[in-house]
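Each chain is listed here by its residues.
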Amino acid sequence: MPILKTDVVLIRAAFTSAIYSGVYKTNYKIGEKKVDPPFALMQLSAALIKNNLSVKIIDGEVNNYSLVETVDEVVKLNPLYVGITSTTPEMFGAITHLKEVKKKLPNVKTVFGGAHATHVPWEIIEAFPEIDFVVMYEGEKSLVAICTEQKEKLLEYTNNAKFLFEQNKIPNILFSDKILLGPTQSREELELNFAARSEEIISLENYKATDPSFGLMYSDSIETARGCPFGCTFCSSARSGIRVRSVENVLDELEQMFLLRSHSNRKLLVTFLDDTLTFNRERAAAIFEGILNRNLSIHFRAFTRANTIHTKAGRAEDLEFIKLMMRAGSTALSFGIESGSEQIHQGMNKGVKLEDYEEAYRLMELAGFKERRGSFIVGHPNETIYTIKESIQFAKKLKLNRVGVNIMMPYPGTSTYNKARLGEGIYFEKEAKNSSNYKRWGSSIVTTPTLSQEALVYWQKRFLTEVALSKPALKFTMQNVLNGNYSAYYHQPTISAVKSIGKLLHPIPNFKKPDHSNYNPNDFGLNHISKNDCIKALNLMYNTSFSTHKKQLIAVQQS
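Every residue gets a number counted from 1 within its own chain, in the order that chain's sequence is written. Local features in this predicted model are restricted to residues whose pLDDT is 70 or higher, and side-chain atom pairs enter the listing and the counts only when it is 80 or higher, whereas totals over whole chains, interfaces and linings include all residues. For side-chain calculations, the full set of non-hydrogen atoms in the structure is used, while hydrogens and water are omitted.

## Regarding the packing of aromatic side chains
Note on aromatic contacts: the rings of Phe and Tyr and the six-membered ring of Trp form a pair at centre separations within 6.5 Å, being stacked when their planes are under 30 degrees apart, edge-to-face when over 60 apart, and tilted otherwise. Counted under the stated rule, the structure contains 15 aromatic pairs. Here F92 and F128 contribute two aromatic rings whose centre-to-centre distance is 6.0 Å and whose plane-to-plane angle is 75 degrees, an arrangement assigned as edge-to-face. Of this pair, F92 sits in helix α4 (residues 91-104) while F128 sits in the loop between α6 (121-127) and β5 (133-136), and the two are 36 residues apart along the sequence. Whether a residue is buried, partly exposed or exposed follows from its accessible area with a 1.4 Å probe, protein chains only, as a fraction of its type maximum: under 20%, in between, or over 50%, in that order. A relative accessible area of 31% means that F92 is categorised as partly exposed. A relative accessible area of 11% places F128 in the buried class. Each ring, one from Y519 and one from F524, has its centre 5.7 Å from the other, and the planes form 20 degrees; the classification is stacked. What makes F524 buried here is its relative accessible area of 10%. Here a set of aromatic residues connected by ring pairs shows up, and it is made of Y417, Y427, F428, Y519 and F524. Sitting over the face of the ring of Y218, R261 holds its NZ or CZ atom 4.4 Å from the ring centroid. We count a charge as sitting over a ring when the NZ of a lysine or the CZ of an arginine lies within 6 Å of the ring centre and within 35 degrees of the ring normal. Taking the ring centre of F524 as reference, the NZ or CZ of K433 above it sits at 5.9 Å. Under the DSSP-based scheme used, a helix requires at least four consecutive residues in state H or I and a strand at least two consecutive residues in state E, with every element numbered from the N terminus.

## Observations concerning the pairing of strand β8 (residues 215-222)
Here is the key point about a regular strand: its side chains alternate between the two faces of the sheet. Counting buried residues in β8 gives 7 out of 8 residues, a clear majority hidden from the surface. Here strand β7 (residues 208-211) runs beside β8; their pairing, made up of 4 bridges, is antiparallel. Note on β8: the bridge partner recorded for K208 is Y218. Judged from the 5 bridges that link them, β8 and strand β11 (residues 268-272) form a sheet pairing that is parallel. When DSSP finds two or more bridges between two strands, those strands count as paired.

## Section: unusual backbone geometry
Keep in mind that most residues, glycine aside, have a negative phi and that most peptide bonds are trans. With a phi close to 55 degrees, K169 is a non-glycine residue in the positive phi region. Inspection of the secondary structure assignment puts K169 in the loop between α8 (151-167) and β6 (179-181). Taking the relative accessible area as the measure of exposure, K169 reaches 72% and is therefore exposed. Positive phi is not limited to glycine here, since N349 has a value of about 60 degrees. Counting through the fold element by element, N349 comes out in the loop between α13 (342-346) and α14 (354-367). The class for N349 is partly exposed, based on a relative accessible area of 44%.

## Overview of the side chain of H491
Structurally, H491 is set in the loop between α18 (471-482) and α19 (492-504). Exposure remark for H491: the relative accessible area of 8% places this residue in the buried category. Between two residues, a contact is recorded if the distance between any of their heavy atoms is within 4.5 Å. Beyond its immediate chain neighbours, meaning those up to four positions away, H491 contacts T477, N480, V481, N485 and Y486.

## Quick notes on the nonpolar core
The biggest cluster of nonpolar side chains holds 81 residues, and the ones touching the most others in it are L254, F288, F335, Y357 and F428. The dominant element in this core, judged by the number of residues it contributes, is helix α17 (residues 453-468), at 8 residues. Every residue in contact with L254, bar those within four places of it in the chain, is listed here: I222, V270, F272, I291, L296 and I298. Note on terminology: a nonpolar core comprises buried Ala, Val, Leu, Ile, Met, Phe, Trp, Tyr and Cys residues joined through side-chain atoms within 4.5 Å. With 42 residues, the next largest nonpolar core counts I58, I84, I95 and I131 among its residues.

## Thoughts on the pattern of salt bridges
Should a side-chain nitrogen of Lys or Arg be within 4 Å of a carboxyl oxygen of Asp or Glu, the pair is scored as a salt bridge. Under the definition given, this model contains 31 salt bridges. In this structure, K102 engages D132 in a salt bridge whose closest nitrogen and oxygen atoms are separated by 2.6 Å. Taken together, the residues span a long stretch of sequence, with K102 in helix α4 and D132 in the loop between α6 and β5 at a distance of 30 residues. Just as K102 is buried, D132 falls in that class too. R294 is the salt-bridge partner of E248, the closest N and O atoms lying 2.7 Å from each other. Of the two residues, E248 is situated in helix α10 (residues 247-261) and R294 in the loop between α11 (281-293) and β12 (299-304); the sequence distance between them amounts to 46 residues. By relative accessible area, which is 49% here, E248 ends up partly exposed. Assessed through its relative accessible area of 23%, R294 is described here as partly exposed. A single salt-bridge network, built from bridges that share partners, covers E138, E140, E223, R226 and R243.

## Some words on the packing of α10 against α11
When two helices pack together, their arrangement is given by the angle between their axes and by how far apart the axes lie. Axis definition: a line fitted to C-alpha atoms, limited for helices to the stretch in contact. Angles are taken between N-to-C directions and run from 0 to 180 degrees. Relative orientation of the contacting elements α10 and α11 amounts to 40 degrees, with a least axis distance of 10 Å. The angle between the axes of α10 and α11 places the two elements in the oblique class. Once α10 is placed against α11, the crossing between them reads as right-handed. Together, V247, V250, L251 and L254 of α10 and R283, A286, I287, G290 and I291 of α11 make up the contact between the two elements. Side-chain classes follow a simple rule in which Ala, Val, Leu, Ile, Met, Phe, Trp, Tyr, Cys and Pro form the nonpolar group, Asp, Glu, Lys and Arg form the charged group, and the remainder, Gly included, forms the polar group. Here the contact of α10 with α11 is built from residues that sort into 7 nonpolar, 1 polar and 1 charged. Here the angle decides the label: under 35 degrees means roughly parallel, over 145 means roughly antiparallel, 65 to 115 means roughly perpendicular, and every other value means oblique. Here a crossing is taken to be left-handed if its near helix is turned anticlockwise relative to the far helix by less than a right angle, and right-handed if that turn runs clockwise.

## Description of the environment of L366
Residue placement: L366 occurs in helix α14. Judged by its relative accessible area of 47%, L366 falls in the partly exposed class. Placed 44 residues apart in sequence, L366 and I322 show a C-alpha to C-alpha distance of 9.4 Å. Not counting the four nearest positions on each side in its chain, L366 is found in contact with R315 and L319.

## A short note on the sheet that holds strand β4 (residues 109-113)
Taken together, the 6 strands give an open sheet; going across it, the order is β2-β1-β3-β4-β5-β6, and neighbouring strands pair in parallel fashion. The two strands at the open ends of the sheet, each matched to only one other strand, are β2 (55-59) and β6. For this sheet, the mean angle separating the axes of adjacent strands, direction not counted, is 25 degrees. As paired elements, strand β3 (residues 81-85) and β4 share 5 bridges and run parallel to each other. Of the residues in β4, the one forming a bridge with I84 is F112. Across the sheet, α4 lies against β1 (8-12), β3 and β4, angled at about 175 degrees from β4, the strand it touches most.

Take it as geometry only, folks, not as evidence of what the structure does.
Following this line, the structure appears as structure tokens:
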């Protein structure tokens, strides 16, 4: 029986096993694995709280909740609205959570958002009647309109979605009154609402991460800018613009985060979630200097591009910048390298050269960084055994001690999805018809002209194994152990590599070449909505005069 009352409950379903179980063990105890707080849900919570709604976040990932346990926690709170966000690999698990909640609380309104919802909202509405609303793109304004029952805003945002579909010639959208596309957050709005971190909404105690120099730390996240101006072919955020918070506003939130944890002897490790933290060097330097000036004793990690570290300014200036970053608390930079093959790299529209990575890591080494991380993908369009071997050798050349290696998953809303659908150097296999197969690790939904699904799975594991058993990676693992990071979770690459070495490092299996002679693009649907499509539609509507905008909404509604 429900015993409490909360207006809105936001869920993050446990996702580790859904994505990584094909390669790594995933059933670790609470507090023994790295989990960052659900930042997107915390930002949504802030917007809801500002509108006088009570909110609670239920995080199945950090609490190791099963489906039943997560649903039970929701039912106890007896909410009016339940929301969940999801990427494509997590989609079916997220949907299942909402379906089970609806069984226990038939009158609750369910809201589904996130990357998958943005790109194929009609598929969700048509297939799952338990979902009352699907929110596209940024969710703050749409979710507030739903949970405060603002009829005019609901009409406006559903008309926005209809206009978007019409602009992109998406036919026969059923139940479109349930699909919302709200305006994006302006810079001012991003600055007003810091992510919600109060104990009443979310307990931050179990969010932890490890660092080879400082051991186990509390973890938290921040976003200093939203969107990405770059155009990588495999990324759904490509060309999604960028809105930048002021330096002082970012520092204010970092200070709030620091003060929340200042009572503890355990240090705070912050992850900057920006796609490219250092896209503007002057701004990034101001943030780092502000951290030092405010005496914020934090450590942080960031994602960025190698050509913002190795620049035309020259080695001396580049090194001065990266040393400033280290003094401010940076312990790791992660680069999306994606491939060590010049041929493959040129087709990604990334705008970064392989020599940029070499020089960026060299600068990090000179500055004293101990962690050298990079991420790769196997299964790019026209990928071959030779190009994958080039990537492995490049990772070793860079002396990486941590790598992420994903199998290419052409997500809806990306140009790589359309290449796979059309069979342009990459092909969907039948498993691609089911979104639950989009796992990235341990399974493949694509083939290339020469590489089968089995071959891609093999090369992913071999790539991970070879790097994990390299001298830099083994030294890094030992540093972690010596600093008290005893949970096997933090050493999974090494453990898995030792277990796999006998199977993987013998002569390469002779995989059968895939047969694409009967490939039919029509088996894999239409083009999907991209974030850039959303931005274009919103700009077209909201940058016109009010009277013109109103006429457009009326015209779409009548059609």
